[in-house]
Amino acid sequence: MFKGSITALVTPFKNGAVDEDQVVALTERQIAAGTHGLVPCGTTGESATLTFDEHMRVVEIVIQTAGGQIPVIAGTGSNSTAVAIQNQKRAKALGADAGLVVAPYYNKPNAEGLYQHFKAINDAVDLPIVVYNVPGRTVVDIDAETVARIAELDHVVGIKDATGDMGRVPAHRRLIGHDFVQLSGDDPTALGFNATGGVGAISVTSNVAPALCAQFQDATLNGDWDKAREINDKLLPLHYALFTSSSPGPTKYAMSLLGAMNTELRLPLTEPDETSNTAVREAMVIAGLLDQA
């Protein structure tokens, strides 16, 4: 169920509030472009600044709009195990296909603490779990051996790996098996990730270029590596440009150039500077999304 181009959906705001109509429009845009799945309220969705009610309302809207056409993996993680369980329960009640559960950030748990965190969520809620390992944000890395232990839990079906370490994919395959769903969380290394055994990406870039990202993932899954490399060459500058300022600022700016949404963020995030904006525009020209920078 979980493979291909899965968009880590941005959350649109209007005058400080979640723009619910725009959530619908962005979801419909993704489905029309061929996106294979959606992740509302992950890191890219500014989940850290959403209230519980806002968070779950966005998840609800995306699920309702998707209408079963593509899977929805709700962002449900927290550095509080109790809150993560609460989020996972609500996501299940709303009809999510899975919960994306990030490693607890700030607390810096050891391997046993990481395992017990995921075990508690697994035992409390009958909903698939996609583990999210992003040490650049959480300051804790779930090593391959710990992932393998977590993968023994009944509801754990896969991982979003944002380490950028290509060695993780074969390590997970060796320790866990080939059926464990491995999704990249790092757009620049998505080509190598799939080449070594991954089956898709939870992508930031697919907010901006959903059709190209879907075509890229289709090519890798079909074994058409020449086409995949060709598309990757177009997308690579954009992958990097979208992180020239705090994400998702550059992504929202890029989408505003396409007329897809405004650039509003929530503090403590602020809009990108002109250096970042220039890099985004130039990358969009290379990708064929704009005629000129």
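Residues numbered from 1 in each chain as written. Predicted model: local features only at pLDDT ≥ 70, side-chain atom pairs only at ≥ 80, totals over all residues. Heavy atoms only, no water.

Visitor: Describe in detail the overall build of the protein chain, supporting the description with residues and values.
Guide: Regarding its fold elements, the protein chain presents 12 helices and 10 strands. Whereas a compact globule of 293 residues would reach a radius of gyration of roughly 19 Å, the protein chain reaches 18 Å, a difference of no more than 12%. In terms of overall dimensions, the protein chain has a C-alpha envelope of 50 × 45 × 35 Å along the principal axes. Every one of the 293 residues in the protein chain was classed for burial, and the buried ones make up 54%. The long-range share in the protein chain, meaning contacts at least 24 apart out of those at least 6 apart in sequence, stands at 72%. When the 21 positive and 33 negative side-chain charges of the protein chain are each reduced to one mean point, those points stand 3 Å apart. (Helix = DSSP H or I, 4+ residues; strand = E, 2+ residues; numbered from the N terminus. Rg over C-alpha atoms; globule rule 2.2 N^0.38 Å. Buried < 20%, exposed > 50% of the residue type's maximum accessible area, 1.4 Å probe, protein only. Contact = heavy atoms within 4.5 Å. Lys, Arg positive; Asp, Glu negative; His and termini not counted. Charge placed at Lys NZ, Arg CZ, Asp CG, Glu CD.)

Visitor: Got a sec to walk through the pairing of strand β9 (residues 181-184)? Specific residues and values, please.
Guide: Alternating residues of β9 divide into Val181 and Leu183 and Gln182 and Ser184, and every residue in both groups is buried. Here strand β8 (residues 156-161) runs beside β9; their pairing, made up of four bridges, is parallel. Following the sheet pairing, Lys160 is matched in β9 by Leu183. Taken together, β8, helix α7 (residues 168-176) and β9 form a β-α-β motif whose crossover is right-handed. Bridging between β9 and strand β10 (residues 200-203) involves two bridges; their strand directions are parallel. In the strand pairing of β10, Ser184 is matched with Ala201. The parallel pair β9 and β10 is bridged by helix α8 (residues 190-195), and the resulting crossover is right-handed. (Pairing = 2+ DSSP bridges. Right-handed = clockwise from strand over helix to strand, strands pointing away.)

Visitor: Before we move on, could you go through the packing of helix α10 (residues 225-241) against helix α12 (residues 274-286) and cite the residues and values that matter?
Guide: Relative orientation of the contacting elements α10 and α12 amounts to 165 degrees, with a least axis distance of 8 Å. Comparing the axis directions of α10 and α12 gives the class roughly antiparallel. As α10 runs across α12, the sense of the crossing is left-handed. Along its contact with α10, which presents Lys234, Pro237, Leu238 and Ala241, the element α12 presents Ser276, Ala279, Val280, Ala283, Met284 and Ile286. In terms of residue class, the contact of α10 with α12 is built from eight nonpolar, one polar and one charged. (Axes fitted to C-alpha atoms, helices over the stretch in contact; angles between N-to-C directions. Parallel < 35°, antiparallel > 145°, perpendicular 65-115°, else oblique. Left-handed = near helix turned anticlockwise from the far one by under 90°. Nonpolar A, V, L, I, M, F, W, Y, C, P; charged D, E, K, R; others polar.)

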